[in-house]
Each structure stands twice: as structure tokens, then as C-alpha cells.
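# Observations on the model geometry
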Amino acid sequence: MAAPEYTIADFIHREPWWKNRALLVLNIYLILPLLSSVLSGLDASILNGLQILPAWQEYFHHPQEKILGVINSAQSIGALCGIPLTPYVADLLGRRATMFFGATIVVAGILTQALSTTVQVFIGARVLIGMGNAFTNSAAPLLITELSYPTHRGKLTALYNSMWYCGSIISAWICLVAYDQAGTSEWSWRIPVFLQATVPVLQMSLIWFIPESPRFLAAKGLESQAARVLARYHANGPSECGHLVAFEMAQIRHAHNVERKVASSPSYMTCFATPGNRRRVFIIISIAIFSQWSGNGLVSSYISFVLDGIGITKTRTKSIINGCLQIFNLASALLGTMLVDKLGRRKLFLISNFGMLIVFSMWTLTTALFHETKSTIAVKATVPLIFMFFFFYDLAYTPMVISYTLEILPYNIRARGLAIMNFTAYLSNAFNVFVNPWALGAIGWKYYLVFCGWLVVELVIVMLFIVETKDRTLEETAALFDGVKPPGNTEWKDSLTFARTPQPRSPRVDKDFRDNYFELHESSGDRRSVSETQ
């Protein structure tokens, strides 16, 4: 008689997570890597706020078009220099060390930027900040994905990118307060820049207090340490270590064994070595480009230009609209985060792309009407349409562009695949910040028509290539692309199961925990199961 089989859903904690001390402590720890996204939003949005401030414009002699494009793209240039190195550092030194290294570089860049006296120094500081952000933004989501509790992974990784808007909100309102308090003083722009250093200093101080990724530890041969991390934070300590830890460790070990057979020394070329990996790379490059080229770049980097284009020219009015938009964006992104596990990834992408196409077309129409007729009705309609557009954008592309990338990548190429996604996103953004001001100045509202056509292309690609990853572990999701399906079973999620043995004992984990405690056994045929050693 065949042994009963289980999936990870049979072992998860059923009570509210805040009533479980281990999960409560773990989720508090994960706030620290989540702050990397806050820092990214704060840094990316600070220029939007600074460009509205008269003191910044006056100090740097009202930079226009090409110079403004270089200033806005400098952070992306720094990130593009750092991103290719991030997977090697993350896989060699660990996720925590990579975050510490990146935060150190960011602090140096922020201090240089706040004290800059020329536009050249300001640009150089932006490059330095971008390089540091490349390391923190690569390591932080890896740590969250690989350390979080199985049923929390989807929400936490979706929340990671959503936290970008927390930084954006802080940036927008700090600039407004600084303008109100300091007026045309140069401190109206220096103080907001100095405050950016708060997040990386916190990360440098506290990063060593949180646990390392158990998947990184297992990949380095430290399986007993990985098991202790899982036992402490997923099972409330060694005394309550049960089948969940055995199941997770067996999946991690099995995945590493399979990945070693495919590529003993992973490199960037491994990302293109198999049909499954090539499909993954196509998807993550696509969503990275979509996250930057959907029309959102017009407002996220050049809101002052966009509002000028519909007749809104007052500094305070622009600042208030920018601040309110960031709060609205955060609320929309958090809604998308909550819907990730309810509606699924594919459905959210489809709703987002279809909504953006409809609303951006209407936004293009009202902007054209204002330019042709100077209609105040068109102005009143355009501002709500900007908010509606970002609602649909934030529903999927803010919470899921990183989380979906990490979900579909196996461990051996996860860091490199994330680097490819980040590199593509920064490259797309660099193109945006160079081209957008020039195109808006040259052809005005007609430039919006380009994005209308591109949004149609996005919708088609999403419909054809995005697959559902809801309710699967990282290792089970990997099987969707690699064609590993157990014979005689139509359910993908059963590809790795836990075999029950008579009268099972809960394993205990102590300081002498053996590296070979969890064993992966091959049962008859090709079906894989995990047996607990007795």
C-alpha cells in the first residue's frame, strides 16, 4: 500500500501569525530588508521633489533637457555598473553582507550629494548612490523570499516593491515642508537629501541581528545551520520542530541537487542554457521593461513637465499633487499586495495591463484637447486620469515585478536572474529619462501616442506568456518551467511530497544537529518523497 503523501499546505501554521512568537519575530526582522525598497523610492523620488523647488533650480542654474536628463539618469548609470557584480557578491558572501556593503556605498553617496557645490559633483554622487542601491536592492528581496514563512512569501515579496511608495511619500512631503520652512534657501533642498541617509544607516547598524537565508546556507553546505534557522523561525524553535522543517529542507536539498546536475558552476550563461530558463529570462526582461515603459515614467520622473503641459504651473500646487499621488500609489500597491494570493499573479497582470491601456488612452485624449482648445474641463479630467492610471499600474507592476521574478527562478540562477531584471529595468529607466524630456519638448502630447501603442504590445505578451504561480513553493514553481511532472499526476504542486511513516516523531534540532539529518529518498518509479529518519 502506497504511503500517504502531503504537500507543504499540510504542515503550515493555521492560527494568526502574530500569535506565533517565531513568525512574529521573523516578520519584524524582515522589516529591515523591506526598508531597501523605501530607500529606493526615497532616492528615486527626491529628484522629482527637488526639481519643483526654486532653490534647487537656482543653485544648479535651471538645468534643461540634456543636463536634466543626465542628472535623472545618473542613478541608473551607477546601478547599471553595480548590478552585474551583485549576484557574485550575494552568492559568495551572503545576502546580509551584500546589503551591508550596498548601504555603506549609499551613505557615502548621500553625504556627497547633500554637500555638492556643482552639478558635476551632484551627478557623481547620484552615480555612487545608484551603485550602492544595486547591491541592497538585489540582496534584500532575495533574503525576504528565501527566509519568509511559506504562506507569507507571496505577500512579503509583493510588499517589498510596494514599500517603494513609502519612500516616495516621505520624499514628496519632506520637499514640500522644506519649501514652506526654508523658502528659497539652499537648505530647502539640502535637508531632504541629508534625511535620505536614515535608512542605510539603520541597515548598516541592524543587519547582523537578522538570520541569513537558509537556502544560501544550504548551498554552502551548512545544512544544519539552515535547518536551525528554519526550526527557530518557521517552527517556534527546536522543541517544536516538526514535519514542516523536514519538508522544507528536503525540497531545498532536492532543488540544489537537480540544479547542480544542470550546471555545476552557474554563470549568466546558465540563465539561457535550457528552454525553461530562456522562457524565464524572456518573461522577467519583459516585465522589467513594462514596469518602466508603460507611461508611468512620464510622471515618476517629470511630473513638473506633465503638469506644465496641462496648465498647472504653481510650485505649491504641483507639490501637493505629487504628494497626494504618492499616498494614492501606496494605497493602490498595498491593495495589489493583498490580492496577490486571492486573485493570483496572472489575473492581476491582465487587469493591470488592460486598465492602463484604457485609462492612458483617455489621458492622451484630454491632454490633446487642452493643447488644441485650452479647455479647463480637459485639465480637470486629466489629473483624475493620472491617478486612475497609476491605480492600475500599482495593482500589478509595483507589488509583483520583483516577487514574480523571484518566484519563477530556481536558486542556482535566482541572484543572476534578479540582476538581469534589475539591469533591464534600470536600462529602460535610463532610456526614459534621456528621451522623455526631449520628446515632450519636441512633439508634446503626440508622444503619448507611442505609449498607447506600446501598451497594446504589453497586453498581448502578458496574455501569452505569464503563468500562474499561486499556492506553490519556490521549488514547485521552478518545476512549471522545467517540465518536471510526476507520472500519473496532473497536479504540478504534488511534484514533491512528504511521505508519512508510521508513528512519526517530531525531529529536534540542537547544536549537534547532523548535516545529514534530513534525507531525500527516491521511491519506486520517478515519484519523489521525503521520509523522516527514525
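The preceding data block contains the structure.
Criteria and cut-off values
Residues numbered from 1 in each chain as written. Predicted model: local features only at pLDDT ≥ 70, side-chain atom pairs only at ≥ 80, totals over all residues. Heavy atoms only, no water. Core = buried A, V, L, I, M, F, W, Y, C linked by side-chain atoms within 4.5 Å. Buried < 20%, exposed > 50% of the residue type's maximum accessible area, 1.4 Å probe, protein only. Helix = DSSP H or I, 4+ residues; strand = E, 2+ residues; numbered from the N terminus. Contact = heavy atoms within 4.5 Å. Axes fitted to C-alpha atoms, helices over the stretch in contact; angles between N-to-C directions. Left-handed = near helix turned anticlockwise from the far one by under 90°. Nonpolar A, V, L, I, M, F, W, Y, C, P; charged D, E, K, R; others polar. Salt bridge = Lys/Arg side-chain N within 4 Å of Asp/Glu carboxyl O. Expected span 1.5 Å × (residues − 1). Patch = residues over 30% accessible without salt bridge, like charges linked within 9 Å, V, L, I, M, F, W, Y side chains within 5 Å. Areas by Shrake-Rupley, 256 points an atom, 1.4 Å probe, with all protein chains shown as cover.

Here the focus is the nonpolar core. Counting 110 residues, the largest nonpolar core has L298, F349, F360, W363, F390, Y397 and Y404 as the members making the most contacts within it. Per-element accounting of this core gives the leading share, 19 residues, to helix 19 (residues 376-408). When neighbours within four sequence positions are excluded, W363 is seen to be in contact with V299, V306, T382, L385, I386, F389 and Y448.

This next bit is on the packing of helix 6 (residues 95-114) against helix 11 (residues 198-206). Contact geometry for helix 6 and helix 11: axes closest at 9 Å, N-to-C directions at 145°. Here the hand of the crossing between helix 6 and helix 11 comes out left-handed. The segment helix 6 lies against helix 11, with M99, F100, A103, T104, V106, V107 and I110 engaging P200, V201, Q203 and M204. Classifying every residue of the contact of helix 6 with helix 11 gives nine nonpolar, two polar and no charged.

Turning next to the side chain of S40. The topology assignment puts S40 in helix 2 (residues 31-52). Overall, the relative accessible area of 10% leaves S40 in the buried class. With residues near it in sequence (within four places) discarded, S40 still touches N137 and W164.

For the structure shown, the criterion picks out ten salt bridges. Salt-bridge contacts for E146 lead to R95; the nearest nitrogen and oxygen are separated by 2.9 Å. A residue pair is termed long-range when its members are at least 10 positions apart, and E146 in helix 7 (residues 119-147) and R95 in helix 6 qualify at 51 residues. Both residues of the pair, E146 and R95, count as buried. The network of salt bridges with common partners includes D91, R95, E146, R414 and R416.

Over its 19 residues, helix 15 (residues 275-293) extends 27 Å from the first C-alpha to the last, a length consistent with the 27 Å expected when each residue adds 1.5 Å. Looking at the residues trailing helix 15, positive phi occurs at G295, about 105°.

For the rest of this paragraph, the subject is a nonpolar patch on the surface. Taken together, W17, W18, L24, I28 and I31 make up a surface patch of nonpolar side chains, about 490 Å² in accessible area. If you trace the backbone, I28 turns up in helix 1 (residues 21-29).

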